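Geometric and topological summary
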Amino acid sequence: MGGAEGGNTGGVVATGGGLATGGVVATGGGPAAGGVIATGGAPATGGVVAAGGGPAAGGAAQATGGAGTGGSSTPLCDTSWDTVPSKQDGLAMTPPMGWNSWNVFHENINETQLREIADALVSSGMKDAGYVYLNMDDNWMAATRDDQGNLVHDSTRFPNGIRALADYVHERGLKLGIYGDRGTETCFNRGKNAGSGSYGNEERDAATFASWGIDYLKYDNCAIAPGRDNDVAMREDYERMASALQATGRDILFSICAWDYKDWMPATGHLWRTTLDIKDCWHESDGCIAGTWETGIVQIIDENNLSAVDGGPGHWNDPDMLEVGNGDLSADEYRGHFSLWAIMAAPLIAGNDVRSMSEETRDILINEEVIAVDQDPGGIQGTRVIKNGDLEVWMKPLCHHAGPEKAVALFNRGGTAAEIAVAFDAIGVTSKATVRDLWAHQDLGEFDGSYSSLVPARGVVVVKIIDTVD
Ligand code: GLA
C-alpha cells in the first residue's frame, strides 16, 4: 500500500461523515449490504455494508488508521457501520486466531503435549500466520480445589503447573488460553469433579487465571447451579465473570460458550459460540453425527449466518473451532470449511494436531490471502447473498484499499462439481471488476458484469472482486 489510501479512493469517506450513496438496499428491516439483493430465495441477512460510496449508516466514518494522512500504509477502513453495543475495550478488534485442544485431544491434555504444540505453532509458520492463542480446553484441573478454595491444575498431567506453561508459551511469542465453566462443574467433569465450575467463585478464579498469566478464557455452560438454568441467571453469571476478568486489570479475551446467540453477549464477551459442538462431518445426513450435542459443518454455517449483523470488531460470532486436518473430510471440504469461516469473520481457532499435520492441511490453515479476508479490519461478517439449491454465493465486503473490494465465496454444498456464477450487481459492484483467486493465488483479469467458475463437489472457489469503476 502506498500513499494512495490517504486520498480516500474507493469510496471510503473519512471526511464529512459520508453517507451511503452506493445502492444500499434495506431488506428485512435492517440496513443491508450495499446493493446486495437476495436472489434465489435466501434473505440477505448481512450487516451494514458500505458499498461504492461510504458508510451506510449516517455519521462520521471512523477510518481506523491512515485516514487522509497521506502516505500511511494502513488501509482506510470504515467501521461506522458497527452500532452493536459491545465491550469497547479495544481487545479482539479482528477475529481471534489460535489453537484449541478439544477437537483433537478432548480430555487427554498434558503439559508436555501442550509445550510441543507451542513449539509446532512456531515452527510450522502458524504463529506467523496469526495463530497466537494456545488454548487448553476442559480437564486441566485437579479433582478438587485447594484448602483455600482455589482452582488447581492436575499435578500428574501438569507437573510444573499452569504458570510455568504460560511462561513457556509467552517466551515463544504466543498467548495462553484456559477453560472454565459458569456452573458447578465443567462439561467433561460433570458428576465427577464438584467445584471445577466457577459459580460463586468468579472473582477468585479470575484472579487465579490472571496470576498465572492467562490471556483468554473460554467459559462453558454445564452443570448449572440449582435455580440458575434460565436466561436471566445465565446473563448474570457471564456478566459476573466478565466483570471479574476486567477487575484483574489483565487483558483476557472472554469467550462465551453457551451454544446460542443472545443479545447481551456482544457487550459481555469478545466472542460467543452460536452453535452446539462442531464435528468433523460435512452434514448429519452423512451419518457422522453421534449425539444431539454435535453439529455438521454446513449446518453450523447456516446457523452462524443468522446472527451475522451482531458480529463486528471486538465482538464476534463463534461457529466453533476448526476441524481442518482432523482426517474425516476431504481437502476440498476443509477448504470450504475454512473459507466460510473466513467469509463469516469467524475466530480461526485451529483444532488439529499441528505437530504432525500434512503439508496439505498446513497450506489450508496458513493461506494468507484467505486469512486476510477473515482478519479484514472492517470487521463485517459476510453473508450468503445467493442460494440456488446446493449452490451458493457468499460475500464479505472488505476494507477499501484501492477501490471497493469484496471477498466472494462460490460455495458448492452438493456432491457434484458445478458452475456457480455471481452477477456483479448482486454484490454491489458496478459493471467491471478485476478478480483474483485466493486459493490459486492468481489474478484472473477483468470481468464485465459477472464472474463464474466451476466449483468442486463440496468445495469452494474464493475470489476477491475489485470494482474498477468508481
Ligand atoms: C462443551 C463445549 C466444547 C468443549 C467441551 C469440553 O461441549 O461446547 O467446545 O469445550 O464442552 O468438555
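Counting restarts for each chain, with residues numbered from 1 along the sequence as it is written. Under the rules for a predicted model, residues below a pLDDT of 70 receive no local features and side-chain atom pairs below 80 are neither given nor counted, while totals for whole chains, interfaces and linings still include all residues. The side-chain values count all of the structure's non-hydrogen atoms but skip hydrogen atoms and water molecules.

Looking now at the site of the ligand. When we say a residue is near a molecule or strand, we mean one of its heavy atoms is within 4 Å of it. In the vicinity of the ligand, the contacting residues are Trp102, Asp137, Asp138, Tyr179, Cys187, Phe188, Lys218, Asp220, Cys257, Trp259, Arg273 and Asp277. In protein, a polar contact requires one atom able to donate a hydrogen and another able to accept it; more generally it is a pair of N or O atoms within 3.5 Å, and residues adjacent in sequence count only if both atoms are side-chain atoms. Interatomic distance of 2.6 Å between a side-chain N/O atom of Asp137 and an oxygen atom of the ligand. Lys218 places a side-chain nitrogen or oxygen 2.7 Å from an oxygen atom of the ligand. The protein chains shown are the only cover counted for residues, whose accessible areas, like all others here, come from Shrake-Rupley with a 1.4 Å probe. Protein coverage of the free-state accessible area of the ligand, which is 310 Å², stands at 93%.

Definition of nonpolar core: a set of buried residues of the types Ala, Val, Leu, Ile, Met, Phe, Trp, Tyr and Cys, connected through side-chain atoms within 4.5 Å. Residue exposure (1.4 Å probe, protein chains only): buried if accessible area is under 20% of the type maximum, exposed if over 50%, otherwise partly exposed. Among the nonpolar cores identified, the biggest contains 83 residues, and Met136, Trp140, Phe338 and Trp341 are the most heavily contacted of them. Contacts of Met136, omitting those with residues within four sequence positions, involve Ser101, Ile109, Leu114, Phe158, Ile162, Leu165, Leu176, Gly177, Ile178 and Tyr179. Formed by 19 residues, the second largest nonpolar core is a distinct cluster that contains Val385, Ile386, Ile420 and Val455. We call two residues contacting when some pair of their heavy atoms lies within 4.5 Å.

Before going further, it helps to examine the packing of aromatic side chains. Each aromatic pair joins two rings of Phe, Tyr and Trp (for Trp, the six-membered one) with centres within 6.5 Å, and gets the label stacked for planes under 30 degrees apart, edge-to-face for over 60, and tilted for any other angle. Summed over all chains, the structure comprises 13 aromatic pairs. Measuring from centroid to centroid gives 5.2 Å for Tyr133 and Tyr216, while their planes differ by 55 degrees, and the two rings are tilted. Of this pair, Tyr133 sits in strand 2 (residues 133-135) while Tyr216 sits in strand 4 (residues 216-220), placing them 83 residues apart in sequence. Each ring, one from Trp140 and one from Trp212, has its centre 5.6 Å from the other, and the planes form 85 degrees; the classification is edge-to-face. Of this pair, Trp140 sits in the loop between strand 2 and helix 4 (161-171) while Trp212 sits in helix 5 (residues 202-212), and the two are 72 residues apart along the sequence. The exposure class of Trp212 is buried, given its relative accessible area of 12%. Taken together, the ring pairs in this structure connect Tyr219, Tyr238, Phe254 and Trp264 into an aromatic cluster. Looking at Arg172, its charged tip hangs above the ring of Tyr168, at a distance of 3.5 Å from the centre. Helix and strand definitions here come from DSSP, where helices need a minimum of 4 consecutive H or I residues and strands a minimum of 2 consecutive E residues; each element is numbered from the N-terminal end. Two thresholds decide whether a charge sits over a ring: the Lys NZ or Arg CZ must be within 6 Å of the ring centre and within 35 degrees of the ring normal.

The next thing to look at is the pairing of strand 4. Of all five residues making up strand 4, five are buried, and the element is well covered by its neighbours. With burial as the criterion, each face of strand 4 is covered, one bearing Tyr216, Lys218 and Asp220 and the other bearing Leu217 and Tyr219. Seen with the strands pointing away from the viewer, any crossover whose path from the first strand over the helix to the second strand runs clockwise is right-handed. The handedness of the strand 3 (residues 175-181) to strand 4 crossover, carried by helix 5, is right-handed. Two strands qualify as a pair provided DSSP detects at least 2 bridges between them. Pairing of strand 4 with strand 5 (residues 253-256), which is carried by four bridges, proceeds in the parallel orientation. Residue pairing across strands places Tyr219 opposite Ile256, the latter belonging to strand 5. Remark: the strand 4/helix 6 (residues 231-247)/strand 5 crossover connection has right-handed handedness.

Of all nine residues making up helix 8 (residues 297-305), seven are buried, and the element is well covered by its neighbours. Regarding helix 8, the residues found buried are Ile297, Val298, Gln299, Ile300, Ile301, Asn304 and Asn305.

What follows concerns the packing of helix 5 against helix 6. Axis definition: a line fit to C-alpha positions, over the contact stretch in the case of helices; interaxial angles, taken between N-to-C directions, run 0 to 180 degrees. Following both chains from N to C, one finds helix 5 and helix 6 inclined at 40 degrees, their axes separated by 8 Å at the closest point. Classified by the interaxial angle, the pair formed by helix 5 and helix 6 is oblique. Of the two possible hands of crossing, helix 5 and helix 6 adopt the one that is right-handed. Touching Glu202, Glu203, Asp205 and Ala206 of helix 5 are Arg240, Met241, Ala244 and Leu245, all from helix 6. The classification used treats Ala, Val, Leu, Ile, Met, Phe, Trp, Tyr, Cys and Pro as nonpolar, Asp, Glu, Lys and Arg as charged, and all other residues, Gly among them, as polar. Residue composition of the contact of helix 5 with helix 6, by class: four nonpolar, no polar and four charged. Roughly parallel means an angle under 35 degrees; roughly antiparallel, over 145; roughly perpendicular, 65 to 115; everything else is oblique. Working rule for handedness: look at the near helix, and if it is turned counterclockwise from the far one by less than a right angle, call the crossing left-handed; if clockwise, right-handed.

So, about the environment of Gln113. Considering the arrangement of structural elements, one finds Gln113 in helix 2 (residues 111-123). Setting aside chain neighbours within four positions, we find Gln113 in contact with Phe105, Asn108 and Arg355. Looking at Gln113, its side chain comes within polar contact range of the main-chain oxygen of Asn108, at 3.1 Å. Within polar-contact distance, the side chain of Gln113 engages the backbone nitrogen of Asn110 at 2.8 Å.

Any Lys or Arg side-chain nitrogen found within 4 Å of a carboxyl oxygen on Asp or Glu counts as a salt bridge. By the definition in use, this model includes 34 salt bridges. Note that Asp237 is salt-bridged to Arg182, the shortest N-O span being 2.6 Å. Taken together, the residues span a long stretch of sequence, with Asp237 in helix 6 and Arg182 in the loop between strand 3 and helix 5 at a distance of 55 residues. As far as burial versus exposure is concerned, Asp237 and Arg182 are alike and both buried. Between Arg228 and Asp237 there is a salt bridge; the shortest N-O distance is 3.0 Å. You'll find Arg228 and Asp237 in the same group, each marked buried. Within this structure, Asp302, Arg384, Lys387, Glu392 and Arg413 form a network of salt bridges that share partners.

Turning next to the packing of helix 8 against helix 9 (residues 331-343). With their axes 11 Å apart at the nearest point, helix 8 and helix 9 run at an angle of 10 degrees to one another. Here helix 8 lies roughly parallel to helix 9, going by the angle between them. Two secondary-structure elements touch here, helix 8 through Ile297, Ile300 and Ile301 and helix 9 through His337, Leu340 and Trp341. Grouping the amino acids of the contact of helix 8 with helix 9 by side-chain chemistry returns five nonpolar, one polar and no charged.

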